[in-house]
Amino acid sequence: MKHFAVLLVAIAMLWGCSKPADTVIPSDMSAWDKELAPELKKLSDADRERVGAYLLRAKFGEVMGGKGVPPGTTIGQALEAQKKWEVEQAAKRAEEEALKKRLEQERAAAMDELSKVVTVTLVAKQELPKNFDAGRYSDYQVFRIGVQNNSDKPIVGVAGELKFIDIFDKEVGSVVFRISETVEPGKSVTWKGTRDYNQFIDEHRAVWNLQEGKYTTRFVPEMVVFKDGTKLTMPK
């Protein structure tokens, strides 16, 4: 009975040591196929993928100057480390998604507020080809932009961007502007701006070729400055 008991203990020890989780990951990668791969095959598909992901991360980190796989690390420890990393990454993604959603909400609220106090529209655009007789030595694009003050305070500055959308609802170009004119409450002004036309810039060429009645514009506000010094600004 004594020998039988010793045999049982020995079998139990061998059984325990044979569990894949207790297998030490060889420091020498050349031994992985022979010593590590057979043990990994005993794992579930999900756990095998986790160990593989852990090893990939560790080896990539080693190439980038990290410690790699610590000596003596077992398959079980690698699994736990990978699971912990996955939980941390999931929490990080959730935080990033929450931040993105909050910033989008803040931007939408700011745009709504800016759109309430000012209305901006394209009154007309004009193409002026170079004409040496008229003193124009390059091509110009001319934009007449209307600004209406819907607030109860005088506005002295409006900054933003007008986006041009073709008949296929595709944004083909835009023009950025800074208007420094006083607009009294309930009033409107028309501002004229120009830019040099560059035929080698796709957006310039697309806006130049848009025909009247075959495009629309959309105002994207950046800032409204009031006469009393206060401002409404879009979040960055």
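Above this text you will find the structure in question.
In what follows, the accompanying structure is described.

Basis of the calculations
Residues numbered from 1 in each chain as written. Predicted model: local features only at pLDDT ≥ 70, side-chain atom pairs only at ≥ 80, totals over all residues. Heavy atoms only, no water. Buried < 20%, exposed > 50% of the residue type's maximum accessible area, 1.4 Å probe, protein only. Helix = DSSP H or I, 4+ residues; strand = E, 2+ residues; numbered from the N terminus. Pairing = 2+ DSSP bridges. Salt bridge = Lys/Arg side-chain N within 4 Å of Asp/Glu carboxyl O. Polar contact = N/O pair within 3.5 Å; in protein donor to acceptor, adjacent residues only side chain to side chain. Contact = heavy atoms within 4.5 Å. Axes fitted to C-alpha atoms, helices over the stretch in contact; angles between N-to-C directions. Phe/Tyr/Trp six-rings, centres within 6.5 Å; stacked < 30°, edge-to-face > 60°. Lys NZ or Arg CZ within 6 Å of the ring centre and 35° of its normal.

Let's talk about the pairing of strand 2 (residues 140-149)
Counting buried residues in strand 2 gives seven out of ten residues, a clear majority hidden from the surface. Here strand 1 (residues 118-128) runs beside strand 2; their pairing, made up of ten bridges, is antiparallel. The partner of glutamate 127 across the bridge, within strand 2, is glutamine 141. With nine bridges joining them, strand 2 and strand 5 (residues 188-196) adopt antiparallel strand pairing. Residue pairing in the sheet places valine 142 in a bridge with threonine 194 of strand 5.

Examining the pattern of salt bridges
Tallied over the full model, the rule gives 14 salt bridges. Of the charged contacts in the structure, one is a salt bridge between arginine 50 and glutamate 86, with a shortest N-O distance of 3.2 Å. Residue arginine 50 is found in helix 3 (residues 45-63), and its partner glutamate 86 is found in helix 4 (residues 75-117); the two are separated by 36 residues along the sequence. A salt bridge links glutamate 106 to arginine 102; the nearest nitrogen and oxygen atoms lie 2.9 Å apart. A residue pair is termed a helical-turn pair when its members lie 3 or 4 positions apart in one helix, as glutamate 106 and arginine 102 do in helix 4 at four residues. On the accessibility criterion, arginine 102 (41% relative accessible area) is partly exposed. Here the salt bridges share partners, and the residues they tie into one network are Glu161, Lys163, Glu171 and Arg218.

Looking at the side chain of glutamate 161
Assignment of secondary structure puts glutamate 161 in strand 3 (residues 155-166). One polar contact links glutamate 161 to serine 174, side chain to side chain, over a distance of 2.7 Å. What glutamate 161 contacts, discounting residues up to four positions off in sequence, is Ser174, Val175, Val176, Phe177, Arg218, Phe219 and Val220.

Things to note about the environment of glycine 68
Within the secondary structure, glycine 68 is located in the loop between helix 3 and helix 4. Along the sequence, glycine 68 and alanine 58 sit ten residues apart, while their C-alpha atoms lie 4.5 Å from each other. Leave out the neighbours within four places in its chain, and glycine 68 touches Ala58 and Glu62.

Some remarks on the sheet that holds strand 2
Within the open sheet, the three strands sit side by side as 1-2-5. Their pairing is antiparallel. Looking at the sheet topology across the chains shown, the edges are occupied by strand 1 and strand 5. Adjacent strand axes in the sheet meet at a mean angle of 20°, parallel and antiparallel pairs treated alike. Its contacts with the sheet put helix 4 on strand 1 and strand 2, and the angle it makes with strand 1 is roughly 75°.

Looking at the packing of aromatic side chains
Taken as a whole and assessed by the stated rule, the structure comprises six aromatic pairs. With a centroid separation of 5.6 Å and 45° between ring planes, the pair formed by phenylalanine 132 and tyrosine 137 is classed as tilted. Judged by relative accessible area, phenylalanine 132 falls into the exposed class, the value being 54%. Given a relative accessible area of 58%, tyrosine 137 falls into the exposed group. Judged by centre distance (6.2 Å) and plane angle (40°), the ring pair of phenylalanine 177 and tryptophan 191 falls under tilted. Of the two residues, phenylalanine 177 is situated in strand 4 (residues 171-179) and tryptophan 191 in strand 5; the sequence distance between them amounts to 14 residues. The buried category is assigned to phenylalanine 177, whose relative accessible area is 2%. Given the relative accessible area of 18%, tryptophan 191 is considered buried. By the ring-pair criterion, three or more aromatic residues cluster together here, those being Phe143, Phe164 and Tyr215. We note lysine 153 situated over the ring of phenylalanine 226; from NZ or CZ to the ring centre the distance is 4.3 Å.

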